[in-house]
Amino acid sequence: MARTPSRPIRDEIAVADLAPPLGRQPAGRDGLARRVDRLTPRELEILREAALGRRNDEIAGALGMSRHTVRTHVQNILTKLGVHSKLEAVLVAIRYGKVAPLAPVGRRDGGPGPG
């Protein structure tokens, strides 16, 4: 299933299956947890927007910055976390309680959701 610009990532991956509840840390404070703690408030804002499935230009519009600035922030996030994509970065942020996982929603046609 192809993701449209406004389709949230949650439609592609069941993030709730990958992350503990918000605010709960996995046992121990490993190196990745320390790297997540080093993210700036602005980088966390960008990850929250990315979790909604937004592209860099959409994030830029939502946060009032240029798409080039967003791209730089995204590259900094990927480097800090040691991951290769925005999706990986979002999942790490969810896992460590920095971004809230989105609740499942019903189908777009008004029908019941999955399950």
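Scroll up a little and you will see the structure.
Read on for an overview of the structure. All figures in this text were calculated on a predicted structure; none of them were measured in a lab.

### Points about the overall build of the protein
When its secondary structure is counted, the protein shows six helices and zero strands. Scored against the burial criterion, the 115 residues of the protein give a buried share of 32%. A separation of at least 24 residues holds for 67% of the contacts in the protein among residues at least 6 apart in sequence. Looking at the protein as shown, the accessible area adds up to about 6900 Å², and 54% of this sits on carbon and sulfur atoms.

### Quick look at empty space enclosed by the protein
In this structure the tally under the stated criterion is two cavities of 30 Å³ or more. Looking at the second largest cavity, its volume works out to about 40 Å³. Lining the second largest cavity, in full, are I46, L47, A50, V74, I77, L78, K86 and A89. Of all elements in the fold, only α3 (41-51), α5 (67-81) and α6 (86-95) reach the threshold of two or more residues within the lining of the second largest cavity.

### Some thoughts on the nonpolar core
Core analysis: the biggest nonpolar cluster contains 26 residues, and I46, L47, I77, L81, A89 and V92 have the highest contact counts within it. Of all the secondary-structure elements, those providing two or more residues to this core are α2 (31-37), α3, α4 (56-63), α5 and α6. Discounting residues that sit within four places of it in the chain, I77 has contacts with L39, E43, I46, L47 and A89.

### Remarks on the side chain of E43
Here E43 lies in helix α3. A relative accessible area of 4% places E43 in the buried class. Once residues within four sequence positions are removed from consideration, E43 is found in contact with R38, H73, N76, I77 and K80.

### Things to note about the packing of α5 against α6
How two helices pack is summed up by the angle between their axes together with the distance between the axes. For the pair α5 and α6, interaxial distance at closest approach is 10 Å and the crossing angle is 60 degrees. By the angle between their directions, the pair α5 and α6 is classed as oblique. The handedness of the crossing between α5 and α6 is left-handed. Judged by residue contacts, V74, I77, L78 and L81 of α5 engage K86, A89 and V92 from α6.

Rules of the game
- Residues numbered from 1 in each chain as written.
- Predicted model: local features only at pLDDT ≥ 70, side-chain atom pairs only at ≥ 80, totals over all residues.
- Heavy atoms only, no water.
- Helix = DSSP H or I, 4+ residues; strand = E, 2+ residues; numbered from the N terminus.
- Buried < 20%, exposed > 50% of the residue type's maximum accessible area, 1.4 Å probe, protein only.
- Contact = heavy atoms within 4.5 Å.
- Areas by Shrake-Rupley, 256 points an atom, 1.4 Å probe, with all protein chains shown as cover.
- 1 Å grid on protein atoms, 1.4 Å probe; cavity = no way out; pocket = protein on both sides within 12 Å on 5 of 7 lines; lining within 4 Å.
- Points joined across faces, edges and corners; volume = space filled by probe spheres on them.
- Core = buried A, V, L, I, M, F, W, Y, C linked by side-chain atoms within 4.5 Å.
- Axes fitted to C-alpha atoms, helices over the stretch in contact; angles between N-to-C directions.
- Parallel < 35°, antiparallel > 145°, perpendicular 65-115°, else oblique.
- Left-handed = near helix turned anticlockwise from the far one by under 90°.

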